[in-house]
Structure formats: structure tokens, C-alpha cells
Amino acid sequence: MSAPYEKVDAVQLVKDDPKVGDDVRKSLGKPCAAEEYPVEVTYAALTHGKDPDVVVNVMTCADSVGIGSYVYRKKGGRYENVFADEQPSVYAGVNKGELEVSKQTYGTGDKVCCASGEDVMTYRWTGSRFAEYARYHTDYSNNGGTEAASPEPAPED
């Protein structure tokens, strides 16, 4: 980073963003508990500007499922939205100076707690926008499911 980060009011930043959907805006209507909002903020150099970019993840209060991920770039003294994904369950992070977005994937009958897999997309800044350049998918094991394992019979002598 070329400049130290300046803490932003991420909740207000997202609320004031006209690109943010109603569901996300509604989830930020009031804090979950003890004046804590369901947001996580990361400051990083993703767009190669002189100021650090702000990555904001908005989650549900009940189960911390990601419902919106955004990247804001400072331009002319104001932050502008340069990336948004509002498809649950989404989470944006930074990996080696690049934007990495992960989404849990669910099969029929999967509970919110127990996704079947995960998609991870990596984005690079092109000078004017983020472009996806890599993607991978992981299937989670079904071992340890709801069915009880039957005991192995003891070997006979």
C-alpha cells in the first residue's frame, strides 16, 4: 500500500451506495447485538490507487451467511463501488494482492450449515474494473453424514 489506511464507516458506506440491493440494505437497518453490525472490512491495495481500497462483506445476523461483498475505491476524495456481488453465500477477501471471492454451493437438501462445495473466483484489476481470471470448485466430502456407521464385525480366529 502506498498510503496508510484510513478507517471508514463501512455500514454507512454500504447504506449510501445506490448499487446495493434492498435485502442487503435492510440487513443493515439495525445492529445484530450490542451495536455490532454484521460487516467485515479489509483494507488492501487492489486497484493500484494511492489510497487503500475497502473490501466490505455483509452477513446475516443469525448465521453469518455472506449476502453481499463490495470493493470501494477512493477517487476524488470519495469512495466509489468498483465491485459488487450479492448472491449468497458470498465472501470476498484478498489473496496475494488480488480479489478472491468464494461462494458456498448447495445441493438439494443441504442445510445452510452444510454446503456441498465451494466456488472460488480470483479477479485482477484491469485499470477500470475487476476481471475474473481464475476459478476453481471444491466438492466437500459427504463422510460423516447423518447415517450412523454400522460397526465392523470382529475378525474370527
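Residues numbered from 1 in each chain as written. Predicted model: local features only at pLDDT ≥ 70, side-chain atom pairs only at ≥ 80, totals over all residues. Heavy atoms only, no water.

As a further point, take the side chain of K103. For K103, the location among the structural elements is in strand 6 (residues 98–105). A polar contact of 2.8 Å, which involves the side chain of K103, links it to the side chain of D85. When sequence neighbours within four positions are dropped, the list of residues in contact with K103 reads D85, Q87, S89, V90, G117, E118, D119 and M121. (Helix = DSSP H or I, 4+ residues; strand = E, 2+ residues; numbered from the N terminus. Polar contact = N/O pair within 3.5 Å; in protein donor to acceptor, adjacent residues only side chain to side chain. Contact = heavy atoms within 4.5 Å.)

With that out of the way, let us pick up the state of the cysteines. A complete count under the given rule lists one disulfide for this structure. For C32, the disulfide goes to C61, at an S-S distance of 1.8 Å. The sign of the -85 degrees torsion about the S-S bond sets the C32-C61 disulfide as left-handed. Residue C32 is found in the loop between helix 2 (22–27) and strand 1 (39–44), and its partner C61 is found in the loop between strand 2 (53–59) and strand 3 (66–75); the two are separated by 29 residues along the sequence. A relative accessible area of 37% means that C32 is categorised as partly exposed. (Disulfide = S-S within 2.5 Å. Buried < 20%, exposed > 50% of the residue type's maximum accessible area, 1.4 Å probe, protein only.)

So, about the sheet that holds strand 8 (residues 130–139). Strand pairing in a sheet relies on backbone hydrogen bonds, with the paired strands running either antiparallel or parallel. With antiparallel pairing, four strands are arranged side by side in an open sheet as 5-6-7-8. Every interior strand has two partners, whereas the edge strands, strand 5 (90–95) and strand 8, have only one. Shown here is a sheet whose adjacent strand axes are inclined to one another by a mean of 25 degrees, direction ignored. (Pairing = 2+ DSSP bridges. Axes fitted to C-alpha atoms, helices over the stretch in contact; angles between N-to-C directions.)

So, on to the sheet that holds strand 1. Taken in spatial order, the four strands line up as 1-2-3-4 in an open sheet, and their pairing is antiparallel. Sheet topology places strand 1 and strand 4 (78–85) at the edges, where each strand pairs with a single neighbour. Neighbour to neighbour, the strand axes of the sheet diverge by 25 degrees on average, direction disregarded. Bridge count between strand 3 and strand 4: seven bridges; the pairing is antiparallel.

What follows concerns the pattern of salt bridges. As enumerated under the stated definition, the model contains three salt bridges in all. As a salt-bridge pair, R124 and E98 come within 2.5 Å of each other at their nearest N and O atoms. Here R124 is found in strand 7 (residues 117–125), whereas its partner E98 is found in strand 6, with 26 residues between them in sequence. On the accessibility criterion, R124 (43% relative accessible area) is partly exposed. With a shortest N-O distance of 2.9 Å, R135 and E132 are connected by a salt bridge. (Salt bridge = Lys/Arg side-chain N within 4 Å of Asp/Glu carboxyl O.)

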